[in-house]
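Summary of structural features
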Amino acid sequence: MATPPVKVYGPPLSTAVSRVLVCLLEKDVPFQLVPVNMAKMEHKKPDYIKMQPFGQVPAFQDDDITLFESRAICRYIAEKYPNKGTAGLFGTNPLVKASIDQWLEAESQSFNPPSSVLTFQLVFAPLMKLKQDEALIKQNEAKLEKVLDVYENRLGSSRYLAGDEFTLADLSHLPNTQFLVEKTDKAELFTSRKNVGRWWSEISTRPAWKKVVEMQNA
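Described in the following lines is the structure provided in the data block. (Residues numbered from 1 in each chain as written. Predicted model: local features only at pLDDT ≥ 70, side-chain atom pairs only at ≥ 80, totals over all residues. Heavy atoms only, no water.)

1. Details of the sheet that holds strand E4 (residues 65-68)
If you trace the 4 strands from one edge of the open sheet to the other, you get E2-E1-E3-E4, paired in mixed fashion. Only two strands of the sheet have a single neighbouring strand rather than two, namely strand E2 (32-34) and E4. For this sheet the average axis-to-axis angle between neighbouring strands, irrespective of direction, equals 20°. One ladder, built from 4 bridges, connects strand E3 (residues 59-62) with E4; its direction is antiparallel. When the sheet's bridge partners are listed, Asp62 is paired in E4 with Ile65. Relative to E4, helix H3 (residues 70-80) is tilted by about 135°, and along the sheet it contacts E3 and E4. (Pairing = 2+ DSSP bridges. Helix = DSSP H or I, 4+ residues; strand = E, 2+ residues; numbered from the N terminus. Axes fitted to C-alpha atoms, helices over the stretch in contact; angles between N-to-C directions. Contact = heavy atoms within 4.5 Å.)

2. Description of the side chain of Glu152
Tracing the backbone through its elements, the reader meets Glu152 in helix H5 (residues 134-154). Buried and unpaired, Glu152 has no salt bridge, with Arg193 as the nearest side chain of opposite charge at 5.6 Å. Excluding anything up to four places from it in sequence, Glu152 contacts Arg193, Lys194, Asn195 and Val196. (Buried < 20%, exposed > 50% of the residue type's maximum accessible area, 1.4 Å probe, protein only. Lys, Arg positive; Asp, Glu negative; His and termini not counted. Salt bridge = Lys/Arg side-chain N within 4 Å of Asp/Glu carboxyl O.)

3. Some thoughts on the packing of aromatic side chains
A full pass over the atoms with the stated rule returns 8 aromatic pairs. Here the aromatic rings of Phe60 and Tyr76 are separated by 5.9 Å at their centres, their planes lie at 75°, and the arrangement is edge-to-face. Of the two residues, Phe60 sits in strand E3 while Tyr76 sits in helix H3, which places them 16 residues apart along the sequence. Among the residues examined, Phe60 registers a relative accessible area of 1% and is labelled buried. An angle of 90° between the planes, with centres 6.2 Å apart, marks the rings of Tyr151 and Trp199 as edge-to-face. With Tyr151 in helix H5 and Trp199 in helix H9 (residues 194-204), this pair connects stretches of sequence that are 48 residues apart. This pair shows no difference in class: Tyr151 is buried, exactly as Trp199 is. (Phe/Tyr/Trp six-rings, centres within 6.5 Å; stacked < 30°, edge-to-face > 60°.)

4. Quick word on unusual backbone geometry
Geometrically, the link from Val57 to Pro58 is a cis peptide bond, its omega value of 5° lying close to zero. Mapped onto the secondary structure, Pro58 falls in the loop between helix H2 (46-51) and E3. Backbone geometry at Asp28 places phi at a positive 55°, although glycine is not the residue there. Along the chain, the position of Asp28 falls in the loop between helix H1 (15-26) and E2. The residue Lys129 is not glycine, and still its phi comes out positive at about 60°. Along the chain, Lys129 turns up in the loop between helix H4 (94-127) and H5.

5. So, the packing of helix H7 (residues 174-183) against helix H10 (residues 207-217)
Working note: a packed helix pair is described by the angle between its axes plus the distance between those axes. Contact pair H7 / H10: the axes reach a minimum separation of 12 Å and the direction vectors enclose 65°. Note that H7 runs across H10; the crossing there is right-handed. Every residue of H10 that contacts H7 at Leu174, Pro175, Gln178, Phe179 and Lys183 is listed here: Trp209, Val213, Gln216 and Asn217. Tallied by class, residues from the contact of H7 with H10 come to 5 nonpolar, 3 polar and 1 charged. (Left-handed = near helix turned anticlockwise from the far one by under 90°. Nonpolar A, V, L, I, M, F, W, Y, C, P; charged D, E, K, R; others polar.)

6. Re the pattern of salt bridges
Going through the model one piece at a time under the given rule, you end up with 11 salt bridges. Residues Glu202 and Arg198 are paired through a salt bridge, measuring 3.5 Å at the closest nitrogen-oxygen approach. Of this pair, Glu202 and Arg198 both sit in helix H9, 4 residues apart, roughly one helical turn. Members of the salt-bridge network, linked through shared partners, are Arg19, Arg71 and Glu107.

7. Some thoughts on the nonpolar core
In this structure, Leu24, Phe60, Ile77, Tyr151, Leu168 and Phe190 are the most contacted members of the largest nonpolar core, which totals 61 residues. The residues contacting Phe60, other than those within four sequence positions of it, are Val6, Lys7, Val8, Val20, Leu24, Ile65, Thr66, Leu67, Ile73, Tyr76 and Ile77. (Core = buried A, V, L, I, M, F, W, Y, C linked by side-chain atoms within 4.5 Å.)

Here you go:
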């Protein structure tokens with residue numbers, strides 16, 4: 001079998017890598033996952049820096065195209081393969097795309113900062129034998145609660161964040177939320193909110209995301 005032209009560089013435990021993986025799986029696009037040993041600083045070596053100038057994961061290749069930044073990669077995948085797999089991940093008209101984009105921005109600018117701090121402090125710091133910063137945890141939990149209150153209101157009138165269909169706006173929340181719900185004692189931040197809990201239950205049980213979780217646990 002020929003090697004798929006799409007290559008994703010990085011470990012599936014990375015939230016940014018898993019964001020790209022679930023998008024590819026939703027779109028039924030074959031890909032090759034190329035390991036990057038971050039403990040050995042492979043992501044800082046010259047050949048890798050040529051693909052990802054900031055020395056982070058993932059890096060993404062599609063034939064002769066190279067991209068970085070997971071949300072931009074997801075937009076590219078959804079646009080390039082509109083008729084494969086899950087339809088409408090990035091909308092079908094300017095208004096829908098704008099709605100998806102505004103919630104992707106909300107995820108990137110409002111949800112991701114506190115949820116990433118909590119994911120690192122509560123999940124990865126213990127694995128790395130690093131001391132947890134309780135003040136930082138408390139501060140970012142409060143920030144995340146405010147964001148989720150906005151989501152709770154939105155999801156009371158909409159099945160998904162950008163409308164009645166599952167899109168990149170929802171998909172982008174999967175990585176950090178998975179860790180916080182399944183690997184920490186902060187699940188109630190999501191499950192105690194009726195609409196957010198219903199939404200999380202729906203998006204986290206999609207077959208594509210289940211496959212990514214299997215890859216993370218392998």
